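Notes for the structure review
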Amino acid sequence: MVDTVNRKDTPADARLVGAVDHDIREDAFPIKGWDHVRYYVGNARQAAHYYSTAFGMTLFAYRGPEQGFREHAEYALKSGGVTFVIAGGVTADAEATRHYAVHGDGVIEVALEVPDVDANYKHAVAQGAIAIEEPHDLTDEHGTIRRAVIGTYGETRNVLIDRSGYTGPFMPGFVKAEPMVAPPEKRFFQAIDHVVGNVELGKMREWVGYYERVMGFTNIVEFVEDAIATEYSALMSKVVANGNRKIKFPINEPAEGKKKSQIDEYLEFYGGPGVQHIALATSDILAAVDAMRERGVEFLEAPDAYYEDAEMRERIGEVRVPIEELQKRRVLVDRDEDGYMLQIFTKPQQDRPTMFYEIIERHGSLSFGKGNFKALFEALEKEQAKRGNL
Ligand SMILES: [Fe+2]
């Protein structure tokens with residue numbers, strides 16, 4: 001039932017995340033795809049249960065004190081090609097315990113699968129990457145994984161992984177685990193589309209430049225400040241992507257508004273820069289949203305005015321379902337010259353108003369929902385006002 005992490009992408013997977021034809025062998029920093037996202041949380045066992053029930057993910061591997069890893073309990077869950085590793089501290093001085101005290105639940109590592117860890121690491125460091133862990137082998141009876149770590153914004157890290165020499169359930173030390181709850185009949189999402197970072201005022205260009213230099217990414221979309229400013233909230237955002245567009249890192253910084261930007265709220269409560277949201281690609285956003293709502297996930301609610309606005313309707317044009325179906329679920333639509341996409345955002349998924357998720361269904365469009373930002377921000381601000389942080 002649980003497929004292996006070493007999977008081959010199909011053309012449908014590529015369409016799902018807006019990937020384009022491109023030979024990664026031409027890249028200075030070739031990337032095969034997302035490997036996994038690793039979190040530090042306050043209670044990994046309970047968070048893993050939440051991702052199992054509310055997000056329809058399936059626990060498939062575990063590593064903890066029972067396997068001789070005395071500091072952390074780590075739960076690896078998947079949904080199609082999406083793998084999350086939820087780690088919690090077992091001791092007071094574990095890295096996750098300290099990280100949780102500072103940041104609350106959050107992403108510590110965004111891991112990328114690469115063909116040659118040493119070559120990528122060497123290139124990155126020569127280009128000024130923050131060196132955290134040099135290439136090294138992790139080995140158990142199932143083989144060897146080659147791994148290296150470079151730094152990015154805040155305490156977040158990008159991990160480089162070559163798992164071509166490994167056949168175990170996930171990573172050395174992990175043992176196969178049974179699902180915590182019965183997996184859903186149909187998965188809610190199957191691929192990571194993009195991972196967004198929030199950085200401090202004035203730092204966006206610096207981090208865009210970092211990914212351009214270190215990973216050879218290119219800037220694919222740019223929001224100008226006024227395009228996504230509402231009366232009270234504003235942000236600037238740029239998107240960098242790798243050659244085949246599978247790996248997309250939008251980076252936000254706060255912009256001047258009349259009141260506190262949502263990015264400022266994040267930076268204050270997270271205690272610095274970090275991952276703001278992860279977009280999860282689905283082939284059926286209506287079913288995904290229905291299933292997740294039924295399991296208690298709360299989404300941001302776009303106002304009715306969004307669906308009734310004549311200019312908006314004109315811009316949206318024809319999509320695969322009647323607008324009323326989208327309105328009922330508060331799913332947003334955006335269109336560009338290549339097609340359209342449907343998207344919705346959850347509310348923050350931990351106690352602090354920091355990280356959230358996006359569910360996205362792409363139909364040709366490579367956009368990130370620029371046209372939705374105003375509608376979205378109005379909804380976000382309502383939530384921010386309720387918390388007294390506007
Ligand atoms: Fe997004």
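In this text, all values refer to a predicted model and were calculated from it rather than measured experimentally.

**Points about the environment of Phe55**
Residue placement: Phe55 occurs in the loop between helix 2 (44–53) and strand 2 (58–63). On the basis of neighbour count, Phe55 is assigned to the buried category, with 26 C-beta atoms found within 10 Å. Along the backbone, Phe55 and Ala291 are 236 residues apart, and their C-alpha atoms lie at a distance of 8.6 Å. Filtering out sequence-adjacent residues up to four positions away, Phe55 remains in contact with Ser79, Phe188 and Met292.

**Describing the confidence of the model for the protein**
For the protein, per-residue confidence averages 91 on the pLDDT scale, and 93% of positions sit at 70 or higher. In this model, residues 1–7 is a region of pLDDT below 50 whose contacts with residues beyond four sequence positions or in other chains number seven contacts.

**Some points on the UniProt feature "binding site: Fe cation" (unreviewed entry) in the protein**
The feature "binding site: Fe cation" (unreviewed entry), as given by UniProt, occupies His194, His277 and Glu358 in the numbering adopted here. What stands out for the annotated residues spanning 165 residues is how close their C-alpha atoms remain, the widest pair being 9.3 Å apart. The buried category is assigned to His277, around which 23 C-beta atoms lie within 10 Å. Not counting chain neighbours up to four residues away, the residues in contact with His277 comprise Val196, Met355, Phe356, Tyr357 and Glu358. Following the sequence through the fold, Glu358 ends up in strand 17 (residues 356–363).

**Focus on the UniProt feature "domain: VOC" (unreviewed entry) in the protein**
Taken from the UniProt record, the annotation "domain: VOC" (unreviewed entry) applies to residues 33–163 and 191–347. The span residues 33–163 carries 22% helix and 50% strand; its end-to-end C-alpha distance comes to 12 Å.

**Comments concerning the nonpolar core**
Proteins that are soluble and globular tend to have nonpolar side chains buried together. The biggest cluster of nonpolar side chains holds 112 residues, and the ones touching the most others in it are Tyr39, Leu77, Phe84, Ile86, Tyr211, Leu280 and Ile359. When residues of this core are assigned to domains, at least three map to each of domain 1 (11–176) and domain 2 (191–386). When near neighbours in sequence (up to four residues on either side) are disregarded, Tyr39 contacts Phe84, Val85, Ile86, Ala87, Asp105, Gly106, Val107 and Ile108.

**Remarks on the domain arrangement of the protein**
When the domains of the protein are assigned, the result is domain 1 (11–176) and domain 2 (191–386). Just the C-alpha atoms count here: the centres of domain 1 and domain 2 sit 23 Å apart. Between domain 1 and domain 2, the contact holds 38 residues from the first and 39 residues from the second. Contributions of two or more residues to the side of domain 1 that touches domain 2 are made by helix 1 (11–16), strand 1 (33–41), helix 3 (95–103) and strand 5 (106–113). Top element by residues in the side of domain 1 that touches domain 2 is strand 5. It accounts for four residues. Partitioning the side of domain 1 that touches domain 2 into residue classes produces 20 nonpolar, 14 polar and four charged.

**Digging into helix 5 (residues 204–214)**
An α-helix turns once every 3.6 residues. As a result, residues three or four positions apart point the same way. Taken together, the buried positions of helix 5 are Met204, Trp207, Val208, Tyr210, Tyr211 and Val214. The arc that holds the buried residues of helix 5, viewed along the axis, is 155°, so those residues lie on one side. The positive-phi residue at the C-terminal boundary of helix 5 is Gly216, with phi of around 65°.

**Considerations on the environment of Leu326**
Position of Leu326 relative to the elements: it lies in helix 10 (residues 323–329). With 23 C-beta atoms counted inside 10 Å, the residue Leu326 sits in the buried group. With 19 residues separating them along the chain, Leu326 and Tyr307 place their C-alpha atoms 8.5 Å apart. Setting aside residues up to four positions removed in sequence, Leu326 forms contacts with Tyr307, Val321, Val331, Val333 and Leu342.

**A word on helix 4 (residues 117–126)**
Here helix 4 has its buried residues at Val117, Asn120, Tyr121 and Ala124. Projected onto a plane normal to the axis of helix 4, the buried residues spread over an arc of 95° and lie on a single side. Looking one or two residues beyond helix 4, the residue adopting positive phi is Gly128, at roughly 95°.

**Some words on the pairing of strand 4 (residues 82–89)**
Within strand 4, eight of the eight residues are buried, leaving the element largely enclosed by the surrounding structure. Side-chain alternation along strand 4 places Val82, Phe84, Ile86 and Gly88 on one buried face and Thr83, Val85, Ala87 and Gly89 on a second face that is also buried. Relative to strand 4, strand 1 runs parallel, the two being bridged by five bridges. The partner of Tyr40 across the bridge, within strand 4, is Ala87. Pairing analysis gives eight bridges linking strand 3 (residues 72–79) to strand 4, with the strands arranged antiparallel.

**Points about the sheet that holds strand 9 (residues 175–176)**
Reading across from one edge, 6-7-8-5-1-4-3-2-9 is the order of the nine strands in this open sheet, with mixed pairing throughout. Two strands lie at the open edges of the sheet, namely strand 6 (130–140) and strand 9, each paired on one side alone. Two strands pair when backbone bridges link them, and strand 2 and strand 9 are joined in this way by two bridges, in the antiparallel orientation. Residue Ala61 lies in a different strand from strand 9, and its bridge partner there is Lys176. Of the strands in this sheet, strand 1, strand 2, strand 3 and strand 4 touch helix 2, which is tilted by about 5° from strand 3.

Cut-off values and rules
Residues numbered from 1 in each chain as written. Predicted model: local features only at pLDDT ≥ 70, side-chain atom pairs only at ≥ 80, totals over all residues. Helix = DSSP H or I, 4+ residues; strand = E, 2+ residues; numbered from the N terminus. Buried ≥ 20, exposed ≤ 12 C-beta atoms within 10 Å, placed from the backbone. Contact = placed C-beta atoms within 7 Å. pLDDT = per-residue confidence, 0-100. UniProt positions renumbered as here; feature names shortened; annotations may be inferred. Core = buried A, V, L, I, M, F, W, Y, C linked by C-beta atoms within 7 Å. Domains from an automatic or database assignment. Nonpolar A, V, L, I, M, F, W, Y, C, P; charged D, E, K, R; others polar. Arc of directions from axis to C-beta. Pairing = 2+ DSSP bridges. Axes fitted to C-alpha atoms, helices over the stretch in contact; angles between N-to-C directions.

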